[in-house]
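Next come the chains, spelled out residue by residue.
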Amino acid sequence: MIDISLILCTRDRCARLDVTLASITRAVAAAPGLAVEAVIVDNGSTDATPARLAAWRADQSFPVVLLNEPRPGLSRARNRGLAAARGRIVAMTDDDCVLHADHLAGLAACFAEVAGPAIIGGRILPGDPADLPVTVKLEDHPMIAAPRAFPGGFVMGANLAFTADVVTRIGPFDERFGAGAPFVAAEDTDFLFRALGHDIPVRYDPRFTVDHHHGRRDEATVARLLAGYSFGDGALYAKHRRDPRIRKAIGQDLRDLWLDIADPVPPCGGIRRFYLFRLRHKLAGFRAYLWTGWRRARSGTRSDGREALKTASCQKNAKNVVDARSALP
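All figures in this text were calculated on a predicted structure; none of them were measured in a lab.

## Focus: the overall build of the protein
A tally of helices and strands in the protein yields 12 helices and nine strands. Taking 329 residues into account, the globule formula puts the C-alpha radius of gyration at 20 Å, and the protein, at 19 Å, falls close to it. In terms of overall dimensions, the protein has a C-alpha envelope of 55 × 45 × 40 Å along the principal axes. In the protein, which comprises 329 residues, the proportion classed as buried is 52%. A fraction of 81% describes how many contacts in the protein between residues 6 or more apart in sequence connect residues 24 or more apart. Summed over all atoms, the accessible surface of the protein reaches about 14500 Å², with 56% contributed by carbon and sulfur. Between the centroid of the 45 positive side chains of the protein and the centroid of its 37 negative side chains there is a distance of 8 Å.

## A closer look at helix α8 (residues 244-256)
Relative to the 18 Å expected for 13 residues at 1.5 Å per residue, α8 spans 18 Å between its end C-alpha atoms, a close match to the ideal helical length. For α8, the complete set of buried residues consists of Arg245, Ile246, Ala249, Gly251, Asp253 and Asp256. Of the surrounding elements, those touching the buried residues of α8 are α6 (187-197), α7 (219-239), α9 (259-262) and α10 (274-299). The N-cap residue of α8 is Asp243: its side-chain oxygen and the backbone nitrogen of Arg245 are 2.8 Å apart.

## Structural notes on the environment of Leu160
Looking at the element boundaries, Leu160 is found in strand β8 (residues 159-163). Its relative accessible area of 1% is what places Leu160 among the buried residues. Along the backbone, Leu160 and Ile7 are 153 residues apart, and their C-alpha atoms lie at a distance of 10 Å. Residue contacts for Leu160: discarding those within four places in its chain leaves Val90, Ala91, Met92, Ile119, Ile120, Gly121, Val155 and Leu192.

## Considering the pattern of salt bridges
Counted under the stated rule, the structure contains 20 salt bridges. Among the ionic pairs, Asp18 bridges to Arg52, the shortest N-O distance being 2.3 Å. Residue Asp18 is located in helix α1 (residues 14-29), and its partner Arg52 is located in helix α2 (residues 49-58); the two are separated by 34 residues in the primary sequence. Residue classification places Arg52 among the partly exposed positions, given a relative accessible area of 25%.

## Overview of the state of the cysteines
Going through the model one piece at a time under the given rule, you end up with zero disulfides. Of all cysteine sulfurs in the structure, the one in Cys9 sits closest to Cys14, which takes part in no disulfide; the separation is 17 Å. Cysteine Cys110 remains unbridged, with the sulfur of Cys97 as its closest cysteine sulfur at 17 Å.

## Brief notes about α7
Since one α-helical turn is 3.6 residues long, residues separated by three or four positions face the same way. With 21 residues, α7 extends 30 Å between its outermost C-alpha atoms, agreeing within 8% with the 30 Å of an ideal straight helix rising 1.5 Å per residue. Of all 21 residues making up α7, 15 are buried, and the element is well covered by its neighbours. Sitting at the amino-terminal end of α7 is Asp218, which places a side-chain oxygen 3.3 Å from the backbone nitrogen of Ala220.

## Things to note about the nonpolar core
Core analysis: the largest hydrophobic core is formed by 33 residues, its most contacted members being Ile4, Ile24, Trp56 and Leu107. Here Ile24 is in contact with Leu6, Leu8, Trp56, Phe62 and Leu99, once residues within four sequence places are set aside. Judged by nonpolar contacts, the second largest core, of 27 residues, contains Val90, Met92, Leu196 and Ile200.

## Examining the packing of α7 against α10
Relative to each other, α7 and α10 sit at 50 degrees, their axes nearing to 6 Å. Judged by the angle between their axes, α7 and α10 are oblique. Pair α7 / α10 crosses with right-handed handedness. Together, Ala223, Leu226, Ala227, Ser230, Phe231, Asp233, Gly234, Ala235, Tyr237, Ala238 and Lys239 of α7 and Phe274, Phe277, Arg278, His281, Lys282, Ala284, Gly285, Phe286, Ala288, Tyr289 and Leu290 of α10 make up the contact between the two elements. Grouping the constituent residues of the contact of α7 with α10 by class yields 14 nonpolar, four polar and four charged.

Cut-offs used in this document
- Residues numbered from 1 in each chain as written.
- Predicted model: local features only at pLDDT ≥ 70, side-chain atom pairs only at ≥ 80, totals over all residues.
- Heavy atoms only, no water.
- Helix = DSSP H or I, 4+ residues; strand = E, 2+ residues; numbered from the N terminus.
- Rg over C-alpha atoms; globule rule 2.2 N^0.38 Å.
- Buried < 20%, exposed > 50% of the residue type's maximum accessible area, 1.4 Å probe, protein only.
- Contact = heavy atoms within 4.5 Å.
- Areas by Shrake-Rupley, 256 points an atom, 1.4 Å probe, with all protein chains shown as cover.
- Lys, Arg positive; Asp, Glu negative; His and termini not counted.
- Charge placed at Lys NZ, Arg CZ, Asp CG, Glu CD.
- Expected span 1.5 Å × (residues − 1).
- Polar contact = N/O pair within 3.5 Å; in protein donor to acceptor, adjacent residues only side chain to side chain.
- Salt bridge = Lys/Arg side-chain N within 4 Å of Asp/Glu carboxyl O.
- Disulfide = S-S within 2.5 Å.
- Core = buried A, V, L, I, M, F, W, Y, C linked by side-chain atoms within 4.5 Å.
- Axes fitted to C-alpha atoms, helices over the stretch in contact; angles between N-to-C directions.
- Parallel < 35°, antiparallel > 145°, perpendicular 65-115°, else oblique.
- Left-handed = near helix turned anticlockwise from the far one by under 90°.
- Nonpolar A, V, L, I, M, F, W, Y, C, P; charged D, E, K, R; others polar.

Shown next as structure tokens:
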């Protein structure tokens, strides 16, 4: 019986992948009482990633499953890994993260304290002091997500784990969301949102930690990142627009506009009037989701996200996300 399946999805990061793989080896060695498998999904790499992964697998004393998902998209790659995972607990990290040596032991200790289906996100620390302070989770104390709140940012996919029965209850990741997909981001938030809707608890616990070497060091890159996050959240709002939790979240977004005057967020990524910036890109994502849904209904295509890639509206909004730096309020 496998205790933990660790899923790692990667694409064209061969030159920097060794440090992540070495951290997995160390974390497994530091948890000898656990049966761990690594499930590595190559998401269509064109560099030497497949050969590097094969060489690493040959050196490991624990099971390593290597998979290929040629279709682009992080959610597709994660779902490919989920289908192969055998563990009672499924853990995920990103290919620019480094696991702390006690990561797997700490993760197991967290899940030993819960009964039934559960999702727990871990701590994410900056991997390089030169990187800007984004996509990190610094809190040093456990937290529990409010059941009726919007869970965006509460925990993150770069260090996320859940009992395998969560997927049985709520389904896999929505492949229209996330990096490489039409709606850019929010695949983890959608997963959390659906889990909370099924009364599955979502927790944060700093006992399992990764260092995130994301490499974002200039304002334009951060602006594009934050625009993409908001675009994905807006599409998520549209997907679940009949849920009272979304109406509450939209109301909060509107009330937050006042904070741009009363308590402005310190400039990040060169963004002025942060709450207005965020709302503008959420509206763009909301419109894109509704438009692609209308196109699917009109053409009779399946809702697997492929039609979204074909529509001029989604292409235009994706370009707006890329060009977000020039659209700052």
